[in-house]
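Breakdown of the fold
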Amino acid sequence: MSEAISKSDAQKRADRIRQFNQELQHLQHDGVLRLSTEQRQAVSAYHEDLLRKFAEVFDIDVGHREKQLSLGMRIASFLGALGFSASLFFLFYRFWGAFPTTIQVVVLLGVPLLLLTVTWYVSRREHTGYFSKILALLTLAAFVLNLVMYGQMFNLVPTQNAFLAWSALAFLLAYATGARLLVAAGIIALAGFLSAQMGTWSGCYWLHFGERPENFFAAAAVIFLLGTWTQRSYQDFLVIYRIFGLLLFFVPLLILANWGRVSYLPYSSQAVEVLYQTVGFLFSAAAIFVGMRTGWRDVVNCGNVFFVILLYTKFFDWWWEWMPKYLFFLIIGLTALLFLLVFQRLRRAAGRPDGATTRITERASAEGAK
Amino acid sequence: MKGKRTLLFGLGLVLLLIVNGLVFYHVRSNRAANPDAIVWLTERELQPPYWRKRENSGMSLQLLWRVHNPDSRYYYSRYGSPVWLDREKLAALGFDVDGSGEREDNSYSRPSPLPRDVFVVLEAESDLHKKDISKKERELQKSRSRLAAEPDSKELEREVESREKELAREKNGLSRLYAVDAGLEATALRRQYANRQKYIITQATIRMRHTGDKEVEGTISDVLVDSLHVPLAFKRELESILGQDRRDSSGAEPPRFKAEIAYGQRFEPWLQNIEEIR
């Protein structure tokens with residue numbers, strides 16, 4: 001078993017073993033395949049050994065019922081992390097006024113340090129990762145509280161650099177504990193920092209960066225590129241980078257495609273809107289193409305969703321006012337049918353050995369084979 | 001894997017310590033040398049919280065500043081455009097007042113430039129306050145004259161009453177801290193406004209908007225630090241002063257306390273002292 005394999009890879013492999021055994025039963029029942037006793041025992045022993053090791057190292061779900069319970073545990077872990085983080089904030093706010101500045105500083109610095117140490121200790125001892133993930137999120141919450149409260153206590157001018165610091169800790173904790181929620185938190189904080197930085201370079205005060213959606217484009221590019229890097233043990237994280245990268249690109253683009261007046265570009269609102277609509281269609285189509293070539297389902301889905309949204313908002317602009325409503329919705333329905341036909345063709349192409357879309361399946365198989 | 005994890009936690013620890021160290025360094029360098037300004041402000045300029053929040057035991061004072069513009073349509077003129085923030089000043093602050101980058105649309109569909117951060121000068125116990133009192137007195141006089149011409153008018157009677165209250169608030173309750181200038185260089189502003197007991201230099205954001213073809217208007221959006229934390233030592237004292245609750249809801253009562261505020265080398269303030277006004 002490779003050291004580089006992640007928990008998610010191990011889980012995928014365990015799922016495939018379960019499916020393989022089910023299919024093998026059918027094949028044997030229908031008389032398509034007959035394995036000798038030695039072969040059956042060899043396969044069974046190999047799989048049992050593999051699953052035992054996976055269970056030891058990663059605490060994966062071997063059975064269907066375990067998997068359902070695991071989902072419940074993940075939800076409970078998420079809610080627990082949010083609850084504890086909120087509790088930490090309110091606890092400090094409730095009592096901080098009763099302490100002198102020195103004690104406040106000791107608490108604000110000491111709590112994240114303590115939580116970080118406890119997270120490290122727990123992460124070394126548990127396989128599931130549920131508790132260390134809760135503790136990691138709590139550590140990040142304590143660090144956010146740490147800087148926010150310093151800002152209040154010492155009357156500091158707000159700075160976007162705080163987002164960089166939060167993002168750095170979120171990423172470190174995410175990679176240390178395998179918590180996807182923390183990757184998302186890190187990405188959001190990093191996007192906030194980069195976008196604010198873009199805003200300041202254009203001359204505005206950083207807190208107003210959100211008023212020009214173009215400020216998000218550089219952050220979107222950086223975050224999407226991070227999702228294309230090979231991170232052997234963290235395959236699950238790549239999807240999060242790519243999805244956030246695309247959201248950070250397409251959502252501002254959608255705003256600009258409809259409200260061109262908030263753009264930096266020195267053209268008329270209408271010209272800006274047409275430009276961004278064109279860019280939107282091209283990039284969403286490109287996302288579908290790239291996603292299919294590389295086997296990134298998430299990129300294909302994002303491209304699809306935004307292509308459809310852009311198309312429907314255009315339909316609305318063009319026809320909603322003057323067209324009878326039955327005709328408008330008929331066109332929507334017909335467009336959906338058209339999409340269905342296109343996807344059907346793509347699906348058939350995926351079935352052909354030389355089809356480009358087979359790469360999605362191939363990639364999934366390749367990832368699983370690790 | 002475990003070694004890598006420990007390394008990541010170690011980096012997290014280093015990050016926490018470095019960031020905290022940087023904040024302490026920043027605070028220390030702000031407060032280390034002689035303060036850039038030390039001013040005494042009263043409750044008129046430092047508003048205590050209206051009510052104590054059950055979930056927040058901390059206390060802060062809101063810095064109330066304002067601008068002077070005799071033509072402003074705003075009663076409390078923080079939101080109006082200060083007289084001095086004209087076209088030339090906006091250009092000096094980096095705004096593109098000529099609209100060289102303007103859209104091909106008409107001016108109203110053109111977005112306002114985003115706010116820029118600058119240094120503003122706040123004048124304590126400003127003489128501009130006297131001008132605002134005179135303005136209120138003239139308005140009251142006008143209303144009284146109209147009432148004298150129509151003595152049965154209930155509406156005018158109410159107007160006079162309202163003007164009297166406004167004048168009383170202006171004289172006793174409203175802030176006398178006025179934004180009087182702005183610039184990109186704090187040192188240049190300090191040379192111009194050398195009295196450190198009267199003029200505060202602090203960071204603020206200024207917004208410019210197009211009000212018509214080639215016409216622009218500037219406003220101060222925010223003073224970046226306009227909330228002053230009250231440390232525990234002063235909090236108890238302030239609570240005992242505020243506990244006497246001499247103020248009525250009209251806001252025309254005289255202030256109950258004064259506070260010494262220092263602005264450091266990084267133009268960030270802190271509370272140095274609080275005294276009761278008897």
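Reference entry: report on the structure contained in this document. (Residues numbered from 1 in each chain as written. Chains lettered and ligands numbered in written order. Predicted model: local features only at pLDDT ≥ 70, side-chain atom pairs only at ≥ 80, totals over all residues. Heavy atoms only, no water.)

1. Remarks on the overall build of chain A
Helix and strand counts for chain A come out as 13 helices and 0 strands. Start at the N end of chain A and walk to the C end: the helices and strands fall as α-α-α-α-α-α-α-α-α-α-α-α-α. Summarising its shape, the C-alpha atoms of chain A cover approximately 75 × 65 × 35 Å along the three principal directions. Of all 370 residues assigned to chain A, the portion counted as buried reaches 45%. Within chain A, contacts between residues at least 6 apart in sequence are counted, and of these 65% link residues at least 24 apart. Where the 32 positive side-chain charges of chain A centre and where its 23 negative ones centre are 2 Å apart. (Helix = DSSP H or I, 4+ residues; strand = E, 2+ residues; numbered from the N terminus. Buried < 20%, exposed > 50% of the residue type's maximum accessible area, 1.4 Å probe, protein only. Contact = heavy atoms within 4.5 Å. Lys, Arg positive; Asp, Glu negative; His and termini not counted. Charge placed at Lys NZ, Arg CZ, Asp CG, Glu CD.)

2. Overview of the environment of Thr187(B)
Residues and elements named next belong to chain B. By the secondary structure assignment, Thr187 is in helix H5 (residues 186–192). Since its relative accessible area comes to 53%, Thr187 is described here as exposed. Distance from Thr187 to Ser162, taken between C-alpha atoms, is 43 Å for residues 25 residues apart in sequence.

3. Overview of the interface of chain A and chain B
The interface of chain A with chain B comprises 56 residues on the first partner and 54 residues on the second. Counting each side, the surface lost to burial between chain A and chain B is near 4700 Å², with a carbon and sulfur contribution of 60%. Connecting chain A to chain B are 2 salt bridges. On inspection of chain A and its partner chain B, the count reaches 19 residue pairs in polar contact (both at pLDDT 80 or more). Listed by contribution, the elements that provide at least two residues to the side of chain A that touches chain B are helix H3 (64–95), helix H4 (101–125), helix H5 (130–153) and helix H6 (161–177) of chain A. In terms of residues, the side of chain A that touches chain B owes the most to one element, H4(A), which gives 11 residues. (Buried area = accessible area lost by both parts, 1.4 Å probe. Salt bridge = Lys/Arg side-chain N within 4 Å of Asp/Glu carboxyl O. Polar contact = N/O pair within 3.5 Å; in protein donor to acceptor, adjacent residues only side chain to side chain.)

Note that every value here comes from positions in space, so none of it alone points to a role or purpose.
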